[in-house]
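Below, each chain spelled out in residue letters.
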Amino acid sequence: MDLLCSTQSIIKAAVKRLGYTEEMYELLKEPLRVITVRIPVRMDDGSIKIFTGYRSQHNDSVGPTKGGVRFHPEVNEDEVKALSIWMSLKCGITNLPYGGGKGGIICDPRNMSFGELERLSRGYVRAISQIVGPTKDIPAPDVYTNSQIMAWMMDEYSRLREFDSPGFITGKPLVLGGSQGRETATARGVTICIEEAVKKKGISLQGARIIVQGFGNAGSFLAKFMYDAGAKVIGISDANGALYDLDGLDIPYLLDRRDSFGTVTNLFSDVITNQELLEKECDILVPAAISNQITAQNADRIKAKIVVEAANGPTTLEATKILDSKEVLLVPDILASAGGVTVSYFEWVQNNQGYYWSEEEVSRKLRKVMVDSFAAIYSMSQSHKVDMRLAAYMVGVLHSIFITLVFFL
């Protein structure tokens, strides 16, 4: 199934398991609004290229919608809709006063110049400016977007509104009102989930064998955090292949050699495939790259005791059932990757207050949110005897349904 259909099927199962009616499923299964925009951009060669972009807002009953903007050649409307639903669930799980939003532009930033990316970023903001804002919908970084792109977007929005609007967007540079700890927030959240998961499985993180598939923002920071914690990172990968060493990889060296898109394996000759890496024996496997990496075809060959999803949708529903039958503890994406939106919320709060916190305070607040969220989902899983993915959806849907009953019905 595609991302939207699989998301809807889990929501339906969660609603049914919680004892709510079909009407509740109908209300939650699609976003409240989706806008498609066409963005003309003058390229460096003087030509005009038209890009297609999207912004999806799933549920704004609890507060403004919140979610990243991704630049990727495979962006499509259904993906953006599904990811906005996930953001609603993430905010429900972490008890944040947001609904879910998501945006994307069909492009390949790896083949675009700095100037072309700036013009595209500003054009996207102009196209969606009527439906976004600090009290409406708050964008953030996502796949192939970063603090520089957020800075261009904030500047363009402030120019349109004719006043400084730091609360319009999160993931900004510190000098423009960004938060300490935002760049590493997703990886910090995954790290906390790993720490909680190993306790449940009776594994020591010190010396644990870890494989991280993906070496972008989340994957690279996570590998460093695991290395610093005394774990043995035996495998990492990027789009070109994977590196594997049973004795552990030199993560600081690899971080020093990676390029801005997380690519490092092209510098080595002893490279294996991503699929081969996934099937290597380890204690903890972290898919931190793209969706549909663990499927019904290879789930039986996964040898990890714990799978923590740092990427969006890396494990299919069929594979989830297979892993659960093997007693693999799977920490689902909507929990594991919730650190990003949590610290984005902290950034928005700091922008609204005009008072900024230290990195230690941000880390302390993030840890409490993630630990409490993990405990709630694990408890739901145990009490209802369901896998952690369905339990996470049940917790998120329960929050969404409660808010919907209060404000809509």
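To start, this report covers the structure provided alongside it.

The rules we used
- Residues numbered from 1 in each chain as written.
- Predicted model: local features only at pLDDT ≥ 70, side-chain atom pairs only at ≥ 80, totals over all residues.
- Heavy atoms only, no water.
- Helix = DSSP H or I, 4+ residues; strand = E, 2+ residues; numbered from the N terminus.
- Expected span 1.5 Å × (residues − 1).
- Buried < 20%, exposed > 50% of the residue type's maximum accessible area, 1.4 Å probe, protein only.
- Phe/Tyr/Trp six-rings, centres within 6.5 Å; stacked < 30°, edge-to-face > 60°.
- Pairing = 2+ DSSP bridges.
- Axes fitted to C-alpha atoms, helices over the stretch in contact; angles between N-to-C directions.

**Comments concerning helix α13 (residues 359-384)**
1) Next: If you check α13, its first and last C-alpha atoms are 37 Å apart, about what 26 residues at 1.5 Å a residue would give, namely 38 Å.
2) Next: Where α13 is concerned, the buried positions are V362, L366, V369, M370, S373, F374, I377, M380 and S381.
3) Next: Directly after α13, the chain includes K385, whose backbone phi takes a positive value near 55 degrees.

**Brief notes about the packing of aromatic side chains**
1) Next: Throughout the structure, instances matching the rule amount to nine aromatic pairs.
2) Next: An angle of 70 degrees between the planes, with centres 5.1 Å apart, marks the rings of F114 and W152 as edge-to-face. Here F114, found in helix α4 (residues 114-128), pairs with W152, found in helix α5 (residues 147-161); they are 38 residues apart in sequence, far enough to count as distant.
3) Next: Taken together, the aromatic side chains of Y98, Y345, F346, W348 and W357 make up a single cluster linked through ring pairs.

**Notes on unusual backbone geometry**
1) Next: One non-glycine residue, E162, adopts positive backbone phi at about 65 degrees.
2) Next: Here E162 lies in the loop between α5 and α6 (185-201).
3) Next: With a relative accessible area of 73%, E162 lands in the exposed category.
4) Next: With phi around 65 degrees, E327 is a residue other than glycine that occupies positive phi space.
5) Next: Position of E327 among the secondary structure elements: in the loop between α10 (317-325) and β11 (329-331).

**A word on the sheet that holds strand β5 (residues 137-141)**
1) Next: The five strands are arranged β1-β2-β4-β3-β5 in an open sheet whose pairing can be described as mixed. Edge strands, defined here as strands with exactly one partner in the open sheet, are β1 (33-42) and β5. Between one strand and the next, the sheet's axes are offset by a mean angle of 25 degrees, whatever the strand orientation.
2) Next: With five bridges connecting them, strand β3 (residues 65-72) and β5 associate as parallel partners.

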